[in-house]
Amino acid sequence: MICYKEQMLPIEKVFRDPVHNYIHVQHQVILDLINAKEFQRLRRVKQLGTSSFTFHGAEHTRFAHSLGVYEIARRICDIFVRNYSVEKIGPGGWDDSERLVTLCAALLHDLGHGPFSHTFEHIFHTDHEAVTVEII
């Protein structure tokens, strides 16, 4: 029996993205995290704060940003496997067993953000990183 963290999707899930073109999800745990209500709420949290009041096209969300960070981390992991793996360069090289924790960290890094988060953090003395840890 395959443990949960090693479960791969039977068919890769692909998100279309205006910045990264395609975002590829292969792990069941990543898709489950994306589908979690705590992550889905990021669709309603603006990445660019009040910028959309000045620039009408500034509609990027924390959801889209977090998916993009995940995709960049996934691509970096692929490059590390190809060029810097333990098998290629020996001790000190990339150990791909760390891929899933890297991808989860990239995906969830902004989970604790609220509306106008950085602005409100200064006013209300909160910390989105601490809130992220509480949510996780």
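Refer to the structure above for everything that follows.
Remember, predicted model here, so these are calculated numbers, not experimental data. (Residues numbered from 1 in each chain as written. Predicted model: local features only at pLDDT ≥ 70, side-chain atom pairs only at ≥ 80, totals over all residues. Heavy atoms only, no water.)

**Student:** Where do I start with the layout of surface pockets in this structure?
**Tutor:** Where empty space is left becomes clear once a probe the size of a water molecule has been rolled over the atoms. If you add up the space inside the largest pocket, you get close to 200 Å³. Top element by residues in the lining of the largest pocket is helix H6 (residues 99-108). It accounts for four residues. Looking at the lining of the largest pocket residue by residue, the classes come out as four nonpolar, two polar and four charged. (1 Å grid on protein atoms, 1.4 Å probe; cavity = no way out; pocket = protein on both sides within 12 Å on 5 of 7 lines; lining within 4 Å. Points joined across faces, edges and corners; volume = space filled by probe spheres on them. Helix = DSSP H or I, 4+ residues; strand = E, 2+ residues; numbered from the N terminus. Nonpolar A, V, L, I, M, F, W, Y, C, P; charged D, E, K, R; others polar.)

**Student:** It is not clear to me how H6 should be interpreted in this structure. Could you clarify?
**Tutor:** Residues that lie three or four places apart on an α-helix share one face, since the helix turns once every 3.6 residues. Across the 10 residues that make up H6, a large majority, seven, are buried. Within the span of H6, buried status applies to Arg99, Leu100, Leu103, Cys104, Ala106, Leu107 and Leu108. On its buried face, H6 is in contact with strand S2 (21-27), helix H1 (28-35), helix H2 (37-40), helix H4 (62-84) and helix H8 (128-135). (Buried < 20%, exposed > 50% of the residue type's maximum accessible area, 1.4 Å probe, protein only. Contact = heavy atoms within 4.5 Å.)

**Student:** Help me out: how do you make sense of the nonpolar core in this one?
**Tutor:** Among the nonpolar cores identified, the biggest contains 21 residues, and Val25, Ile30, Ile34, Phe39, Leu67, Tyr70 and Leu107 are the most heavily contacted of them. Breaking this core down by element, the ones donating at least two residues are strand S1 (8-17), S2, H1, H4 and H6. When residues of this core are assigned to their parent elements, the largest contribution, six residues, is made by H6. Discounting residues that sit within four places of it in the chain, Leu67 has contacts with Phe15, Ile23, Ile34 and Leu107. (Core = buried A, V, L, I, M, F, W, Y, C linked by side-chain atoms within 4.5 Å.)

**Student:** Before we go on, may I ask you to explain a nonpolar patch on the surface in this structure?
**Tutor:** A surface patch of nonpolar side chains, amounting to about 510 Å² of accessible area, comprises Ile72, Ile76, Ile79, Phe80, Tyr84 and Ile89. By the element assignment, Ile89 lies in helix H5 (residues 86-89). (Patch = residues over 30% accessible without salt bridge, like charges linked within 9 Å, V, L, I, M, F, W, Y side chains within 5 Å. Areas by Shrake-Rupley, 256 points an atom, 1.4 Å probe, with all protein chains shown as cover. Salt bridge = Lys/Arg side-chain N within 4 Å of Asp/Glu carboxyl O.)

**Student:** What is the right way to read the pattern of salt bridges from this model?
**Tutor:** Side chains bearing opposite charge may pair, as long as their charged atoms lie close to each other. For the coordinates displayed, the defined rule picks out six salt bridges. One salt bridge in this structure joins Arg74 and Asp78, with 3.1 Å as the shortest N-O distance. Taken as a pair, Arg74 and Asp78 lie in helix H4 at a separation of four residues, close to a single helical turn. The class for Asp78 is partly exposed, based on a relative accessible area of 27%. The salt bridge involving Arg99 is made with Asp78; its shortest N-O contact spans 2.9 Å.

**Student:** Please clarify how the packing of aromatic side chains should be interpreted in this entry.
**Tutor:** Geometry of an aromatic ring pair is reported as the spacing of the ring centres plus the angle between the planes. Evaluation of the coordinates by the stated rule reveals three aromatic pairs. Pairing Phe80 with Tyr84 gives two aromatic rings, centres 5.8 Å apart and planes at 85°, and the pair type is edge-to-face. Note that Phe80 and Tyr84 are positioned in helix H4 at a spacing of four residues, about one turn of the helix. Cluster of aromatic residues (ring-pair linked, three or more members): Phe80, Tyr84 and Trp94. In this arrangement the basic side chain of Arg16 is found over the ring face of Tyr22, its NZ or CZ atom lying 4.9 Å from the centre. Positioned over the ring face of Phe63 is Arg43, at 3.9 Å from the centre of the ring. (Phe/Tyr/Trp six-rings, centres within 6.5 Å; stacked < 30°, edge-to-face > 60°. Lys NZ or Arg CZ within 6 Å of the ring centre and 35° of its normal.)

All quantities given are derived from atomic positions and should not be read as evidence of function.
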